[in-house]
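Single-letter residue listing:
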Amino acid sequence: MPLKPKRVVMPTQEPRERIKNFNEVALGFTEEMAKEEASRCLKCKDAACQQGCPVEVKIRDFIGLVAAGDFAGAIALIKETNSLPAICGRVCPQEEQCEKYCLMGRKHEPVAIGRLERFVADWELRHGVKLPACAPPRGRKVAVVGSGPAGLTCAGDLARLGYSVTVFEALHAPGGVLIYGIPEFRLPKAVVMAEVDNIRRLGVEVVTNVAVGRTVTIEDLMKLGYEAVFLGTGAGLPKFMGIPGENLCGVYSANEFLTRTNLMKAYLFPQYDTPIKCGRRVAVVGGGNVAMDSVRCALRLGAEEGHIVYRRSEQEMPARAEELAHAKHEGVIFDLLSNPVRVLGTDDGWVRGLECLRMELGEEDSSGRRRPVPIKGSEFVIEVDTVIMALGTTPNPLLARTTPGLNITDWGGLIVDAETGQTSRPGIFAGGDAVTGSATVILAMGAGKKAAAGIHRYLEGK
Amino acid sequence: MYKILSKRMLTPVTKLFEVEAPLVAQKAQPGQFVIVRIRPEGERIPLTVADFSPERGAVTIIVQEVGKTTQMMGRLKEGDCILDFLGPLGRPAEIRGSGSVVCVGGGFGVAPIFPIARALYRRGVSVTSIIGARTRELVILEEEVKAVSHRLFVTTDDGSYARRGLVTDVLQELIEAKDPIDEVIAIGPMVMMRAVAETTRPYGIKTFVSMDPIMVDGTGMCGACRVEVGGKTRFACVDGPIFDAHQVDFALAQKRGKMYAAEQQRAMAEPGPCGGAGGSPCH
Ligand SMILES: Cc1cc2nc3c(=O)[nH]c(=O)nc-3n(C[C@H](O)[C@H](O)[C@H](O)COP(=O)(O)OP(=O)(O)OC[C@H]3O[C@@H](n4cnc5c(N)ncnc54)[C@H](O)[C@@H]3O)c2cc1C
Ligand SMILES: Cc1cc2nc3c(=O)[nH]c(=O)nc-3n(C[C@H](O)[C@H](O)[C@H](O)COP(=O)(O)OP(=O)(O)OC[C@H]3O[C@@H](n4cnc5c(N)ncnc54)[C@H](O)[C@@H]3O)c2cc1C
Ligand code: SF4
Ligand code: SF4
Ligand code: FES
């Protein structure tokens, strides 16, 4: 077969159109496109791509099945190791993971593994999802705290092993960051809800409006007969810079801006009751996915100008390549090598500008990235009326505060055994962002999986 | 879904609901609050726990109608359901075990003051309560507060009931009369709390207020509720809502409280769901 150097182009909404709505930007492959893209795979013997996938999806073989038109077979194979493919296919940083190792990528464009994964997962959602077999009920209860990807994956795996699992979620809707953070135009909420429903159909009970540590404690759960607990509570505590003016009206954390927009549907205000104040000129501080999501939401909420203010250069930006590209097409202005030092306010307490210092790149730091150093006297002002801080998040201290004996790091991360996911307290396991700090969906899922296996072993031996 | 067990009109615009929420009732303590959402399109709004009964699995909330959500809530009836009811949130009030405390409640702020006064009273603290309202018909929970106070003063701004004047007038007199006061706790409109803080500041009397910034999640995840206390940024939903009144930056809090004034007007103007308020019968 002749080598096909270029990927099949996935259709997207036109930038000029899409910044007026919250519909999904990337429209997905058709069956023909998927088969065509799958046919680019070289069927490598050692399938290097697979070593880049944190949950070891059998990439080569599922792509082979797609090429042959056996979509049902392909999704069954993926689901052996990945329970949320419709989500991963959309949001995994593939260029850092599976696709980074694809042999095709050495000289040409790598096979679009993520998009193919998304295609077969969507195909299954359209054609009816086949549930995996569950072991007979064991009559033993496990509690999962938090319904993000870590909690959902752990719950799903334990249900398949025959445990009766209850997921407790503080918010009114399950899904974690998938539902409150990542916007509709990148990950439709219907996809998340469908995945949550599938977990429910395995027999998992999902209870919302329960903040563990407040509504019930872990001790209460143990008394109620839960023999093990998994903490998948994420890293929800937003960071601020600690610069003057940060509490002015019009300064948001990305979490607040995105939660209002996505979870509370402020873009449909006033049909929905929650308002959002998105000004005409918006500056988002940060360079990750959260920053890209915030600035692209701002454009869709009607901002005329959306800035990304980032203290390093484009190379160091942690955002997914696709999101960065989409943001550029949508007209986002990148103020790189710029570090905010002060938010300027009007007399009545509203934002009127963001004062920054220019930076240059110096020596490499411990993360291997070149450290930004301020240039003296280079202050300049970006005139904006809204500032969104997307500086990363750390684990919410609520649980550790209310649960005696849980060891945490100095930045609040839960400390667990790398093999089993068990915390310093027997029977209490943890994984995902609560352990690692903000990371990725697929790593959170991987941690949920590992902990499910750890919990199973723990309960078997009990 | 959380069923409304009973409803009482305290004033034409202040309504008391007893809500079935056994888990919350088990854990609730004075000073804490819940986050409520009444319909799928609804906003999450914080409301103080005004009372709780673990035996009956019931939590009492008192709602003052000020905008769209609270007005829709005011139309809910006994037997209707509240969609979401999360809590108890926030740090409980610190209840001292001796001495004397003045509890000041303004307007519907009397509702959150009540369980605090009661807890103090039960622990043997000498409780003086001052409750105030604009006018006679807005005075709420007078009997309830009286039953848990050693002394009660009532004020109305217009003098239509009890004593004419502001709650701070009474407080000032008590201080000047050298009444022994170990602590003051004040809950009510921001202007009132600020005035109480200014009244006690010159005398160095320890004073607490319960801040009511705009909130979204109520679990420490969004930072909408930030207030500045002693020059530091704090999240009212997890670090508060009760703070040292002499450290709070009230001017900032007042500005932040008005952030959505225009949108709130728009929401009210919107035809929206009238009458029904989205409340549905339970079960
Ligand atoms: C805006 C944004 C965009 C992102 N984009 C990407 C992307 O494109 N690709 C990618 O791979 N990753 C992305 N990430 C990161 C990814 O979403 C997270 O790494 C992942 O969701 C972590 O999963 P988790 O299950 O550990 O926690 P979360 O998803 O954070 O879920 C934790 C859940 O626990 C609940 N909870 C917390 N405390 C309690 C408690 N005490 N009681 C009950 N419930 C509690 C929370 O309400 C929440 O629902 C993004 C993150 C954000 C914020
Ligand atoms: C910890 C806490 C405890 C509270 N306890 C009570 C209580 O026991 N009884 C009671 O009646 N009210 C209480 N409130 C205030 C109540 O939450 C608001 O009145 C309500 O959210 C207004 O919603 P609305 O849609 O009816 O009005 P809107 O039209 O949205 O607003 C009217 C007014 O309420 C303020 N407000 C709006 N949204 C919020 C919000 N999410 N949080 C706080 N304030 C807001 C606005 O600044 C404005 O001044 C409390 C607030 C907090 C933070
Ligand atoms: S799960 Fe993520 S990393 Fe693994 S194959 Fe799918 S897209 Fe690639
Ligand atoms: S490395 Fe690339 S070409 Fe080789 S099997 Fe994997 S996807 Fe196919
Ligand atoms: S309300 Fe979101 S952090 Fe307090």
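That block above? That's the structure.
Below is a short write-up of the structure.

Analysis parameters
Residues numbered from 1 in each chain as written. Chains lettered and ligands numbered in written order. Predicted model: local features only at pLDDT ≥ 70, side-chain atom pairs only at ≥ 80, totals over all residues. Heavy atoms only, no water. Helix = DSSP H or I, 4+ residues; strand = E, 2+ residues; numbered from the N terminus. Rg over C-alpha atoms; globule rule 2.2 N^0.38 Å. Buried < 20%, exposed > 50% of the residue type's maximum accessible area, 1.4 Å probe, protein only. Contact = heavy atoms within 4.5 Å. Areas by Shrake-Rupley, 256 points an atom, 1.4 Å probe, with all protein chains shown as cover. Lys, Arg positive; Asp, Glu negative; His and termini not counted. Charge placed at Lys NZ, Arg CZ, Asp CG, Glu CD. Near = heavy atom within 4 Å. Polar contact = N/O pair within 3.5 Å; in protein donor to acceptor, adjacent residues only side chain to side chain. Nonpolar A, V, L, I, M, F, W, Y, C, P; charged D, E, K, R; others polar. Domains from an automatic or database assignment. Core = buried A, V, L, I, M, F, W, Y, C linked by side-chain atoms within 4.5 Å. Buried area = accessible area lost by both parts, 1.4 Å probe. Salt bridge = Lys/Arg side-chain N within 4 Å of Asp/Glu carboxyl O.

1. Observations concerning the overall build of chain B
- Scanning chain B for helices and strands turns up nine helices and 16 strands.
- Computed over the C-alpha atoms, the radius of gyration of chain B is 18 Å, within 12% of the 19 Å expected from 2.2 N^0.38 for a compact globule of 283 residues.
- Of all 283 residues assigned to chain B, the portion counted as buried reaches 57%.
- Look at the contacts in chain B between residues 6 or more apart in sequence, and 65% of them connect residues 24 or more apart.
- Of the roughly 11,400 Å² that chain B leaves accessible, carbon and sulfur atoms contribute 51%.
- Where the 34 positive side-chain charges of chain B centre and where its 32 negative ones centre are 2 Å apart.

2. Observations regarding the site of ligand 1
All names here are of chain A.
- Near ligand 1 there are 35 residues, and of these V91, A150, E169, R186 and D433 occur at the shortest range.
- In the model, an oxygen atom of ligand 1 is placed 3.2 Å from a nitrogen or oxygen of the P149 main chain.
- Backbone polar atom of V177 to an oxygen atom of ligand 1: 3.0 Å apart, as the coordinates give it.
- Bound to the protein, ligand 1 loses 93% of the 1,000 Å² it would expose on its own.
- Within the residue set of the shell around ligand 1, elements represented by two or more residues are α7 (149–160), α12 (289–300) and α16 (441–460).
- Its residues assigned to classes, the shell around ligand 1 shows 19 nonpolar, eleven polar and five charged.
- A domain-level breakdown of the shell around ligand 1 finds at least three residues from each of domain 2 (141–236 + 394–459) and domain 3 (240–391).

3. A word on the nonpolar core
- Ranked by size, the top nonpolar core spans 80 residues in total, and within it I59(A), F62(A), I63(A), V66(A), L116(A), V120(A) and I455(A) carry the most contacts.
- Considering each element in turn, this core owes the most residues, eight residues, to α16(A).
- In this structure V66(A) touches A34(A), K35(A), A38(A), F71(A), A74(A), L116(A) and V120(A), once residues within four positions along its chain are discounted.
- Listed in part, the 37 residues of the second largest apolar core include I35(B), V104(B), V209(B) and C237(B).

4. Side note on the interface of chain A and chain B
- Contacts between the two partners involve 45 residues from chain A and, on the opposite side, 48 residues from chain B.
- Its largest share of buried area at the contact with chain B, chain A owes to R214(A), N247(A) and D273(A), together 21% of the area lost on that side.
- Counting the contacts that link chain A with chain B gives five salt bridges.
- Residue D273(A) is joined to R39(B) by a salt bridge in which the shortest nitrogen-to-oxygen separation is 2.8 Å.

5. A word on the pattern of salt bridges
- Per the counting criterion, the structure on display carries 52 salt bridges over all chains.
- As a salt-bridge pair, E227(A) and R140(A) come within 2.7 Å of each other at their nearest N and O atoms. Note that E227(A) is positioned in strand β4 (residues 226–231) and R140(A) in the loop between α6 (113–127) and β1 (141–145), a separation of 87 residues in sequence.
- Put simply, R37(B) and D84(B) hold a salt bridge, and the shortest N to O gap is 2.8 Å. Residue R37(B) is located in strand β3 (residues 33–37), and its partner D84(B) is located in strand β7 (residues 84–89); the two are separated by 47 residues in the primary sequence.
- In this structure D84(B) comes out as buried when scored by relative accessible area, which is 6%.

That is the geometry; function is a separate question.
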